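# Understanding the architecture of this molecule
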Amino acid sequence: MSIESDNAKEEIKEIVEKCFKCGFCKKLCPVLKVVREEQSSPRGKAIILDSGYVDKFIYECTLCKACEEKCPLNLKLCDSFIKARQILVRQKKELSENKEMIKNLDKTGNIFGIKD
Ligand code: SF4
Ligand code: SF4
C-alpha cells in the first residue's frame, strides 16, 4: 500500500529523507534486539517510509525514542512512525488490537474497556 494521505506523507518524508543510513540508531532498539531483522530496525523503518510505503511493520516499535538519542542528526523518527500509524488508522488498516482499544476508548473512556 502506498502512502496516500495528504500532509502526513510529506511530513514523514521531511523526516526520513534526511537519514544517511549510518545505523547508529540500531544500537539500543529493544525491538531489533528481539526481532533481529533490518526492516524492524529504526533505520529499516526510515528507509521503507522514505520509499513511500507504509504498512503494519510500523507497529513493531515501542516509541521509546532510544533511536532518536543515538541519531547524529536527531531525526524525529518516532514522529514519522506515529504519522504512519495515523495513516493506517485513517485507512482503517490498523491492527485489530488497535481497533479494540479505540472501541473501548469510545465506550468507556479507557483503552481497556473497564467501566467505573
Ligand atoms: S522508538 Fe521504536 S525504533 Fe526507536 S529504538 Fe524504540 S522501539 Fe526501536
Ligand atoms: S542514526 Fe539517524 S541517520 Fe543514522 S541510520 Fe539511524 S535514522 Fe538514519
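## Thoughts on the site of ligand 2
- Taken together, Cys19, Phe20, Lys21, Cys22, Gly23, Phe24, Cys25, Arg43, Cys71, Pro72, Leu75 and Leu77 make up the full set of residues near ligand 2.
- Judged by the fraction of its atoms near the pocket grid, ligand 2 is located in the largest cavity.
- Per-class residue counts for the shell around ligand 2 are 9 nonpolar, 1 polar and 2 charged.

## Details of the environment of Pro72
- Residue placement: Pro72 occurs in the loop between α4 (66–70) and α5 (77–90).
- It is 9.6 Å that separates the C-alpha atoms of Pro72 and Cys19, two residues lying 53 residues apart in sequence.
- Ignoring anything within four residues of it in the chain, the contact list for Pro72 reads Phe20, Cys22 and Phe24.

## Looking at the site of ligand 1
- In the vicinity of ligand 1 there are 13 residues, among which Cys29, Cys61, Cys64, Lys65 and Cys67 approach most closely.
- Of all the cavities here, the one that holds ligand 1 is the second largest cavity.
- Elements that contribute at least two residues to the shell around ligand 1 include exactly α2 (30–35), α4 and α5.
- Classifying every residue of the shell around ligand 1 by side-chain character gives 11 nonpolar, 1 polar and 1 charged.

## Focus: the packing of aromatic side chains
- Evaluated as defined, the whole model comprises 1 aromatic pair.
- Taking 6.3 Å as the distance between ring centres and 5° as the angle between the ring planes, the aromatic pair formed by Tyr53 and Phe57 counts as stacked.
- Judged by relative accessible area, Phe57 falls into the buried class, the value being 10%.
- Looking at Lys45, its charged tip hangs above the ring of Phe81, at a distance of 5.9 Å from the centre.

Thresholds applied
- Residue numbers here run from 1 along each chain, matching the order of that chain's written sequence.
- The order in which chains are written sets their letters, starting at A; the order in which ligands are written sets their numbers, starting at 1.
- Only residues with pLDDT of at least 70 are given local features in this predicted model, and only at 80 or more are side-chain atom pairs given and counted; all residues enter the totals for whole chains, interfaces and linings.
- Hydrogens and waters are ignored; side-chain quantities use all the structure's heavy atoms.
- Here a residue counts as near a molecule or strand whenever at least one of its heavy atoms sits within 4 Å of it.
- In this analysis the probe radius is 1.4 Å and the grid spacing 1 Å, with only protein atoms considered; a cavity is a set of points the probe fits into but cannot get out of, a pocket is an open set with protein on both sides within 12 Å along at least five of seven lines, and lining residues have an atom within 4 Å of a point.
- For a molecule to be placed in a cavity or pocket, more than half of its atoms must lie within 2 Å of the grid points of that cavity or pocket.
- Three classes are used: nonpolar for Ala, Val, Leu, Ile, Met, Phe, Trp, Tyr, Cys and Pro, charged for Asp, Glu, Lys and Arg, and polar for all others, with Gly counted as polar.
- Numbering goes from the N terminus for both helices and strands, where a helix is a DSSP run of H or I of at least four residues and a strand is a run of E of at least two.
- In this analysis, two residues are considered to be in contact whenever any of their non-hydrogen atoms come within 4.5 Å of each other.
- Geometry of aromatic contacts follows a simple scheme: Phe, Tyr and Trp rings, the Trp one being its six-membered ring, pair when their centres are within 6.5 Å, and the pair is stacked under 30 degrees between planes, edge-to-face over 60, tilted otherwise.
- Here the term buried applies to any residue with accessible area under 20% of the maximum for its type, exposed to any over 50%, and partly exposed to those in between, with areas from a 1.4 Å probe on protein chains only.
- Look at NZ for Lys and CZ for Arg. If either is within 6 Å of the ring centre and within 35 degrees of the ring normal, a charge sits over the ring.

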